[in-house]
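# Structural characterization, general
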Amino acid sequence: MASPVLEVRGLTKHFAARQRLFKRGAAWVKAVDGVDFAIHSGETLGLIGESGCGKTTTSKLILLQEKPTAGAIMFEGRDIADLAGAALMAYRRAVQVVFQDPFSSLSPRMRVADIIAEPLEIHTQLSRDAIRGRVVEVLDLVGLPPDVAPLFPHEFSGGQRQRVAIARALATDTRLIVLDEPVSALDVSVRAQIINQLEHLQRMLGVSYLFIGHDLATVAHISHRIAVMYLGKIVEIADSDALSTRPMHPYTKALFAAALPSHPDDPPHERVIAGEVPSALHLPSGCRFHPRCPSAMPICSQVEPVLQPRDGNGEVACHLY
Amino acid sequence: MGGSGRPPNPPTPPGGREVRPPASADVRAPLSKDPHAPILDVANLQTHFSTFGGSRVIKAVDGVSFTLHEGETLGLVGESGSGKTTTCLSIVGLLPKAARIVGGEVIFEGEDLTRKSQRELRRIRGRRIATILQDPMASLNPLFTIFRQVAEPAFFHQQLRGRSLRERVQHLLRAVRIPSPEWRAREYPHQMSGGMRQRIVGAIALAGGPRLVIADEPTTNLDVTIQAQYLDLLKDIQRETGVALIFVTHNLGIVAKMCDRVAVMYAGKIVEQAPVRELFNDPKHPYTRALLGSVPKLGSKDPLYSIPGQPPNPASLPAGCAFHPRCPEAVPRCLTDEPEDFHLGDGSVARCWLLKDGVARP
């Protein structure tokens, strides 16, 4: 297989938690703790997990909004920590983001044309006419007519705003788009439009996606591969089909058990795990999932499992296998 | 409760713990003795918003009818602006100033709630009808302890004090599976996780021993495993108490899991109402079919059906059937005439001209 567009090796981000007065020794929140994955050209990697599992921190590290504590992010074979000047700008052009809420991610004071043109003005030497032409081009890509260019975001519905955000992400020579829950804030009837549009764009342009979400069915639908995160670690990563048909890690199983049925006659899932995600400040010893795990063994509270090849394809970090 | 000086409500019957509130002395229609009578009967409810001094009228709820029996769960499904939340606010009489119920009735246990004064409604809300809203942090007061907030309905509606009040609160917290309730009752909302806060709101809703709970997207802000726990909890509570539930949601998965019957709303009207199995197996209205087809299903990579266009603006609805601009099956009649309710054999009711002659499918 060709070398990946983006590869993440041992990615780690620890945040210093507030220290108590007179109490030295910082506590660390291990938001992301040794994460490895790769995204290939034209591929969608889904990242699922509950709040606090580190999926948003991972995306911030990729978007250079946070600096990793350890580990490396390789973009087309080069460590992005070494990038500077023009090469850094090229990375920022190539990696874009679409956020969850299109009501807050678009400036209410800018016209749609200016919102989409902004990255072009910063990153390219295009003439004004060329920029205008490119704006119309990307609007067309996301299925919006050219006459929306002079409008303001408030004149659009949620789905159309999200199209504008996608158009902005596509304006430069984009290779990877981080999609942070891009459909969660939209009406149900509009979600399918956006998902289909994203899939269509990927087929047409060969762009890669990192799709962050918590709705299992949506993530499984759009992703080629899925990584499941729990408390800063990837506990299982595999092809979307393999993961949905045969989840192996007890946490992945629990996520599927908690997924809502698509029909009232779907057999009820037998067990939904109890309890809540523990605080990232006080991580459980051994396997981070063991306090909630229905199949925990003595070893689970002592030794932290590492990712190992699982049946079929992918990897799983669990002492059961 | 800190012996607060707030006046307790005027004559409410001295409440025993599990005593269902007997009728207060005011004038009310005699309760129907028919055990099959619905708890709630909403008939042709119309709630309009008027803006610009009445020059523009928005028909947020336009002729909504449904009934709900004891122990039954109705799912109210729709997109933003479809009128599902306004329907609920009309039932409990908590409409914003600009909105007014202009027609129809809301019969709850034999009484028409639309004719009640706010004072009478206050005695019903929190006791016989309770609500659970989407954002628990907005429903809880950050300055009061959990105890005070859970105790409030029992304090005002059932006049519990002292030890019996404390016991009642602990009983409620245990019912919603709050671990170590005697401890947790002394804490404040910010000390709880999102799932726990929503369970506290559930405890407050149960405090008055309600016959009807209206839950407006109660799990939207929760993680999937916490959502599953919460939904299971609501089901358990319903089984124990026989409370009737209205579940407002846009998530068809929640409907499949929780509801006995479903009402699909579009542009202020119920376009289809059916038992949950009939709705999923044989959706009658094109909008319902489109909604079901647009939801990704686990294990299927088939392209999703995408409904063209956007939900309509309630201020300027299209003529005829409000769904016709987005409907793949629209016929000329849909552009001009508004469809009426068509009753179909399997208990479904749908508003679509295609169903006129009992034909289920074009």
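This structure is a prediction, so every number in the text was calculated from the model and none was measured.

Further remarks concern the overall build of chain B. If you tally the helices and strands in chain B, you get twelve helices and twelve strands. When each of the 362 residues of chain B is scored for burial, the buried share is 46%. Expressed as a percentage of contacts within chain B between residues at least 6 apart in sequence, the contacts between residues at least 24 apart total 65%.

In this section: the interface of chain A and chain B. With 35 residues of chain A in contact, the opposing surface of chain B contributes 37 residues. Contributing elements (two or more residues each) for the side of chain A that touches chain B: α6 (188-205), α7 (216-222), α8 (240-245) and α9 (250-258) of chain A. Counting residues per element, the side of chain A that touches chain B draws most heavily on α6 of chain A, at eight residues. Its residues assigned to classes, the side of chain A that touches chain B comprises 16 nonpolar, 13 polar and six charged.

Turning to the domain arrangement of chain B, a few remarks are in order. All names here are of chain B. Splitting chain B by domain gives domain 1 (40-259) and domain 2 (264-355). The partner domain 2 presents 16 residues to the 22 residues of domain 1 that form the contact. Taken together, the elements giving at least two residues each to the side of domain 1 that touches domain 2 come down to β2 (56-68), β3 (73-77) and α9 (252-258). Tallying contributions element by element places β2 first for the side of domain 1 that touches domain 2, with nine residues.

Once that is clear, we can look at the sheet that holds β3 of chain B. Residues and elements named next belong to chain B. Taking strand neighbours across the sheet as the criterion, the eight strands line up as β6-β7-β8-β3-β9-β10-β12-β11 in an open arrangement whose pairing is mixed. Strand pairing shows two members of the sheet lacking a second neighbour, β6 (129-132) and β11 (341-343), which therefore form its edges. Strand-to-strand twist of the sheet, defined as the mean angle between neighbouring strand axes without regard to direction, takes the value 20°. Of the strand pairs in this sheet, strand β10 (residues 269-275) and strand β12 (residues 349-351) are connected by two bridges, and their pairing is antiparallel. Residue pairing for β12: Gln273 is matched across the bridge by Val349. Packing of helix α7 (residues 194-207) onto the sheet brings it into contact with β6 and β7 (212-216), and relative to β6 it is tilted by some 170°.

A pair of packed helices can be characterised by two numbers: the angle between their axes and the separation between those axes. All names here are of chain B. Closest axis-to-axis distance for the α7/helix α8 (residues 224-241) pair is 10 Å, and the angle between their directions is 15°. Between α7 and α8, the angle is such that the two are roughly parallel. The handedness of the crossing between α7 and α8 comes out as right-handed. Residues Gly195, Gln198, Arg199 and Leu206 of α7 form the contact with α8, whose participating residues are Ile226, Gln229, Tyr230, Leu233 and Ile237. Taken together, the residues that form the contact of α7 with α8 break down as five nonpolar, three polar and one charged.

With that settled, the discussion passes to the packing of helix α3 (residues 112-123) of chain A against helix α4 (residues 128-141) of chain A. All names here are of chain A. The N-to-C vectors of α3 and α4 enclose an angle of 120°; their axes lie 9 Å apart at closest approach. Looking at the two axes, α3 sits oblique to α4. Where α3 crosses over α4, the two elements pack in a sense that is right-handed. The segment α3 lies against α4, with Ala113, Ile116, Ala117, Leu120 and Glu121 engaging Ile131, Arg134, Val135 and Val138. Among the residues making up the contact of α3 with α4, the classes are represented as seven nonpolar, no polar and two charged.

By size, the foremost hydrophobic cluster in this structure holds 187 residues, and its most contacted members are Leu210 and Val228 of chain A together with Val150 and Phe247 of chain B. When residues in this core are grouped by element, the largest group, eight residues, is from α7 of chain B. Lining this core are residues from two domains, each supplying at least three of them: domain 1 (40-259) and domain 2 (264-355) of chain B. Sequence-distant contacts of Val150 of chain B, defined by excluding residues within four places in its chain, comprise Val169, Leu172, Leu173, Ile200, Ala203, Ile204 and Ala207 of chain B.

Our next topic: helix α1 (residues 84-92) of chain B. Residues and elements named next belong to chain B. Most of α1 is tucked away: seven of the nine residues are buried. Those residues of α1 that fall on the buried side of the exposure criterion are Lys84, Thr85, Thr86, Thr87, Leu89, Ser90 and Ile91. Where α1 terminates, the next one or two residues include Gly93, which has phi positive at roughly 70°.

For the rest of this paragraph, the subject is helix α5 (residues 162-175) of chain B. Residue and element names in this part refer to chain B. For α5, with 14 residues, the first-to-last C-alpha span of 20 Å sits near the 20 Å given by 1.5 Å per residue. Within α5 the residues assigned to the buried category are Arg168, Val169, Leu172 and Leu173. The buried residues of α5 occupy an angular sector of 130° when the element is viewed end-on, so they sit on one face. In this fold, the buried residues of α5 make contact with α4 (146-157), α6 (181-184) and α7.

Glancing now at the sheet that holds strand β7 (residues 176-180) of chain A. All names here are of chain A. If you walk across this open sheet you meet the eight strands as β6-β7-β8-β3-β9-β10-β12-β11, and the pairing is mixed. The open sheet is flanked by β6 (95-98) and β11 (308-309), the only strands paired with a single partner. Two strands pair when backbone bridges link them, and strand β3 (residues 44-48) and strand β9 (residues 225-230) are joined in this way by four bridges, in the parallel orientation. Each residue of the ladder has a partner; that of Leu47, found in β9, is Ala227. In this fold α9 packs onto β3, β9 and β10 (233-239), with an angle of close to 100° to the strand it touches most, β9.

The rules behind the values
Residues numbered from 1 in each chain as written. Chains lettered and ligands numbered in written order. Predicted model: local features only at pLDDT ≥ 70, side-chain atom pairs only at ≥ 80, totals over all residues. Helix = DSSP H or I, 4+ residues; strand = E, 2+ residues; numbered from the N terminus. Buried ≥ 20, exposed ≤ 12 C-beta atoms within 10 Å, placed from the backbone. Contact = placed C-beta atoms within 7 Å. Nonpolar A, V, L, I, M, F, W, Y, C, P; charged D, E, K, R; others polar. Domains from an automatic or database assignment. Pairing = 2+ DSSP bridges. Axes fitted to C-alpha atoms, helices over the stretch in contact; angles between N-to-C directions. Parallel < 35°, antiparallel > 145°, perpendicular 65-115°, else oblique. Left-handed = near helix turned anticlockwise from the far one by under 90°. Core = buried A, V, L, I, M, F, W, Y, C linked by C-beta atoms within 7 Å. Expected span 1.5 Å × (residues − 1). Arc of directions from axis to C-beta.

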